[in-house]
Amino acid sequence: MKTKIAMIQMDIAFGDPSANRNAAEAKIKEAADQGSTLILLPELWTTGYDLTRLGEIAEDLEGPTHQLLKKLARDNRVTIAGSIAERDKESFYNTMVAYNEHGERVLNYRKVHLFRLMDEEKYLESGDTQGNFHLHNIPLAGAICYDIRFPEWMRTEMLDGARGLLVVAEWPKPRVDHWRSLLISRAIENQCFVMACNRSGSDPNNTFGGHSLIIDPWGTIVAEGGLGEEIVYGDVDFSEVEAIRKQIPIFQDRRPDLYQ
Ligand SMILES: NC(=O)CCC(=O)C(=O)O
């Protein structure tokens, strides 16, 4: 059975959650009308990297963005995922959430690897738990941008049987070749679908690379965006994962007695 995935490769208004919520709401409705089951938004899609103003613009997990996602997911019978600047008491996190078609939050993953080139370590705390959840009965794992440079962490998440890796990102244009190569590698080595949503546009410090991707467990590109704003769609059949894991049984052949 095919599952339609939509990746909302949007530009992000710097530090303006209300403008970004309005833009995303229209795009989520459009993706849902196209029959999508899973809709991905980029990393920090409500605020961008306006980290010096987190005190004003970050929200707790019951904040207005979460209320909107809950409602849109329920009303349109879709699962929606993306990362949002989270405030938890005095601390801030880059947190990926997913709301299912009942409006339930099924994922709450705090970015584990903070990216110094964008000053994350100065303003954010890192997470320390995995981001596994189910889309209907399909086990998936979440990752945020820089996390994809850590294959050992991605493998840790995949060892629970995940069949797909969802990635949300604000990945700059000068390193878009790394983005593509790293994502293709994560798909091949974990024999899973990779569904990766990057932003487009610019902020005061970076121009972002778009090129949202859906990659199958053989490493073949199913769908790829360009540089600008668009919704990238692809149909995936998660049963392909089992077939490829049978053909080359890497999870069986691993040697955890020699490495983790
Ligand atoms: N937002 C990020 O984590 C960016 C990561 C990145 O650009 C990289 O090269 O890694």
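Note that this is a predicted model, so its numbers are computed, not measured.

Turning next to helix H1 (residues 17-33). Between its first and last C-alpha, H1 extends 24 Å over 17 residues, near the 24 Å set by a 1.5 Å rise per residue. Those residues of H1 not exposed but buried are Pro17, Asn20, Ala24, Ile28 and Ala31. Axial view of H1: buried residues confined to an arc of 65 degrees, hence all on one face. Exposed side of H1, more than 90 degrees from the buried face: Ser18, Asn22, Ala26 and Asp33 are the residues found there. Backbone geometry just downstream of H1 places Gly35 in the positive-phi region, at approximately 90 degrees.

Moving on: the UniProt feature "domain: CN hydrolase" (unreviewed entry) in the chain. Per the UniProt entry, the sites bearing "domain: CN hydrolase" (unreviewed entry) are residues 3-238 in this numbering. Helix makes up 26% of residues 3-238 and strand 31%, whereas the separation of the span's terminal C-alpha atoms amounts to 8 Å.

Looking now at the site of the ligand. Surrounding the ligand, one finds Glu43, Phe115, Met118, Cys145, Tyr146, Arg149, Glu170, Trp171, Pro172, Arg175 and His178. Partitioning the shell around the ligand into residue classes produces 6 nonpolar, 1 polar and 4 charged.

Another aspect to go through is the sheet that holds strand E3 (residues 79-88). Across the sheet, 6 strands lie side by side as E5-E4-E3-E2-E1-E12; this open sheet has mixed pairing. Where the open sheet ends on each side, the last strands, each with one partner, are strand E5 (105-110) and strand E12 (230-236). Looking at each pair of strands side by side, their axes are set apart by 25 degrees on average, direction ignored. With 7 bridges connecting them, strand E1 (residues 3-9) and E12 associate as antiparallel partners. Paired with Gln9 across the two strands is Glu230, which belongs to E12. Sitting on the sheet, H1 touches E1, strand E2 (38-40), E3 and E12, and the angle it makes with E1 is about 160 degrees. The strands touched by helix H3 (residues 64-76) are E3 and strand E4 (91-99); relative to E3, the strand with the most contacts, the crossing angle is about 165 degrees.

Conventions and cut-offs
Residues numbered from 1 in each chain as written. Predicted model: local features only at pLDDT ≥ 70, side-chain atom pairs only at ≥ 80, totals over all residues. Helix = DSSP H or I, 4+ residues; strand = E, 2+ residues; numbered from the N terminus. Expected span 1.5 Å × (residues − 1). Buried ≥ 20, exposed ≤ 12 C-beta atoms within 10 Å, placed from the backbone. Arc of directions from axis to C-beta. UniProt positions renumbered as here; feature names shortened; annotations may be inferred. Near = placed C-beta within 6 Å. Nonpolar A, V, L, I, M, F, W, Y, C, P; charged D, E, K, R; others polar. Pairing = 2+ DSSP bridges. Axes fitted to C-alpha atoms, helices over the stretch in contact; angles between N-to-C directions. Contact = placed C-beta atoms within 7 Å.

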